[in-house]
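Secondary and tertiary structure notes
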Amino acid sequence: MEAYTCFASVYDIFMDNIPYDEWAAYLYDLFREYQVEGGLMLELGCGTGAMTERMAAYGYDMIGVDNSEEMLEAALEKKLESGCDILYLQQDMREFELYGTVRGIYSVCDSLNYITEEEDLVRVFHWVNNYLDPGGIFIFDFNTEYKYREILGQQTIAENREDCSFIWENEYDEEQKINTYDLTLFIRQQGKLYEKYEETHFQRAYTLQNIQELLERAGLLYITAYDAFTRNSPSKTSERICVIAREHGKEIFRKG
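Bear in mind that the values here come from a model prediction, so they are computed numbers and not experimental data.

Remarks on a negative patch on the surface
The grouping of Glu 169, Glu 171, Asp 173, Glu 174, Glu 175 and Asp 182 at the surface amounts to a negative patch. Sorting elements by how many residues they give to the negative patch places strand E7 (residues 164-173) first, with 3 residues. Its location among the elements puts Glu 169 in strand E7.

Okay, here's the thing in structure tokens:
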């Protein structure tokens, strides 16, 4: 699952087209609909803290978990600038630990697609159920098979900015349901000198039926799903789906 090392330093530059404000407002409305207003909130796969900061502004006591030290360093820089009281933890979401339960948990930007084994995703869902307050709400999104197969697969995307550029090559294995991202970065160091970096990311395509079954295995109660970030039902051409689930009782589940 190791990813977002050198890319972390320029992640926010290339993600400046993401409507974080709209996504945060959408999440906030959903949580309020299920009476999760204020209190402790956890973000899994928080990255550079873009959404964490925005949810903190809505009055939640935020905890952010991410496996990338480099992404968390960027998140801590944001925290110093904003003065938000956010707790960041460097943890693998398959093994995350908290000091107690939280009212809500969310994960956005297809972070859960990085969990490429079903059994590992069940583990993530187990820990979500374990650390949610009784009746607590879990909201997350995931990229669909349609997006990998028809939109991203076999596509090459390139962007050039003033101080950095990237080449993003996709290859989707329909049999394994794995999308491989080969990422090449050119980052300005000083003057006209650019340094080249390379890293590879892997994401797994899940169907909504897959997700429902895995949630049930982990003890969570599936509530509903939307074509993210709308209130429309998912369709065959949905590229991203938002799922809402609820804590549904605790079971003994040991790590290892």
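Overview of the side chain of Asp 92
Checked against the element boundaries, Asp 92 lands in the loop between strand E3 (87-90) and strand E4 (102-107). Given a relative accessible area of 18%, Asp 92 falls into the buried group.

Details of the pairing of strand E8 (residues 178-190)
Where E7 meets E8, 10 bridges bridge the pair, whose relative direction is antiparallel. Bridge pairing links Cys 164 to Ile 187 in E8. Remark: 4 residues form the turn of the hairpin made by E7 and E8, two consecutive strands paired antiparallel; Lys 177 in that turn has positive phi of roughly 60 degrees. Taken together, the 12 bridges between E8 and strand E9 (residues 193-204) define a ladder with antiparallel strand orientation. Within the sheet, the bridge partner assigned to Asn 179 lies in E9 and is Gln 203.

Points about the pairing of E4
Among the 6 residues of E4, 5 are classified as buried, and the element is accordingly described as predominantly covered. Relative to E4, strand E1 (residues 39-44) runs parallel, the two being bridged by 3 bridges. By the bridge assignment, Glu 43 is partnered in E4 with Tyr 106. Between E4 and its parallel partner strand E5 (residues 132-143), the chain crosses via helix H5 (residues 118-131), and the hand of that crossover is right-handed.

Section: the pattern of salt bridges
The final tally for this structure, using the stated rule, is 14 salt bridges. When the shortest N-O distance is used, the salt bridge between Arg 161 and Glu 159 registers 2.7 Å. Taking the relative accessible area as the measure of exposure, Arg 161 reaches 26% and is therefore partly exposed. The exposure class of Glu 159 is partly exposed, given its relative accessible area of 27%.

Some remarks on H5
For an α-helix the count is 3.6 residues per turn, leaving residues at separations of three or four pointing the same way. Between its first and last C-alpha, H5 extends 20 Å over 14 residues, near the 20 Å set by a 1.5 Å rise per residue. In terms of residue burial, H5 counts as a mostly covered element, since 10 of its 14 residues are buried. In this structure, the buried side of H5 is in contact with E1, E4, E5, helix H7 (208-218) and strand E11 (240-246).

Overview of the environment of Glu 195
By the secondary structure assignment, Glu 195 is in strand E9. For the pair formed by Glu 195 and Leu 185, sequence separation is 10 residues and the distance between their alpha carbons is 8.0 Å. Excluding residues within four positions of it along the chain, Glu 195 makes contact with Leu 185, Phe 186, Ile 187 and Gln 189.

Side note on the packing of aromatic side chains
A full pass over the atoms with the stated rule returns 15 aromatic pairs. Here the aromatic rings of Tyr 28 and Tyr 58 are separated by 4.1 Å at their centres, their planes lie at 15 degrees, and the arrangement is stacked. Taken together, the positions of Tyr 28 in helix H2 (residues 20-33) and Tyr 58 in the loop between helix H3 (50-57) and strand E2 (60-66) put the pair 30 residues apart, joining distant regions of the chain. On the basis of relative accessibility, which here comes to 17%, the residue Tyr 28 falls in the buried class. Relative to Tyr 172, the ring of Tyr 148 lies with its centre 5.9 Å away and its plane at 20 degrees, an arrangement referred to as stacked. Here Tyr 172 lies in strand E7 and Tyr 148 lies in helix H6 (residues 145-152), a separation of 24 residues in the sequence. Each member of the pair Tyr 148 and Tyr 172 is classed as buried. Members of the aromatic cluster, each reached through a chain of ring pairs, are Tyr 28, Phe 31, Tyr 58, Tyr 60 and Tyr 106.

Reading the values: the criteria
- Residues numbered from 1 in each chain as written.
- Predicted model: local features only at pLDDT ≥ 70, side-chain atom pairs only at ≥ 80, totals over all residues.
- Heavy atoms only, no water.
- Patch = residues over 30% accessible without salt bridge, like charges linked within 9 Å, V, L, I, M, F, W, Y side chains within 5 Å.
- Areas by Shrake-Rupley, 256 points an atom, 1.4 Å probe, with all protein chains shown as cover.
- Salt bridge = Lys/Arg side-chain N within 4 Å of Asp/Glu carboxyl O.
- Lys, Arg positive; Asp, Glu negative; His and termini not counted.
- Charge placed at Lys NZ, Arg CZ, Asp CG, Glu CD.
- Helix = DSSP H or I, 4+ residues; strand = E, 2+ residues; numbered from the N terminus.
- Buried < 20%, exposed > 50% of the residue type's maximum accessible area, 1.4 Å probe, protein only.
- Pairing = 2+ DSSP bridges.
- Right-handed = clockwise from strand over helix to strand, strands pointing away.
- Expected span 1.5 Å × (residues − 1).
- Contact = heavy atoms within 4.5 Å.
- Phe/Tyr/Trp six-rings, centres within 6.5 Å; stacked < 30°, edge-to-face > 60°.

It is worth stressing that arrangement in space is one thing and function is another; only the former is reported here.
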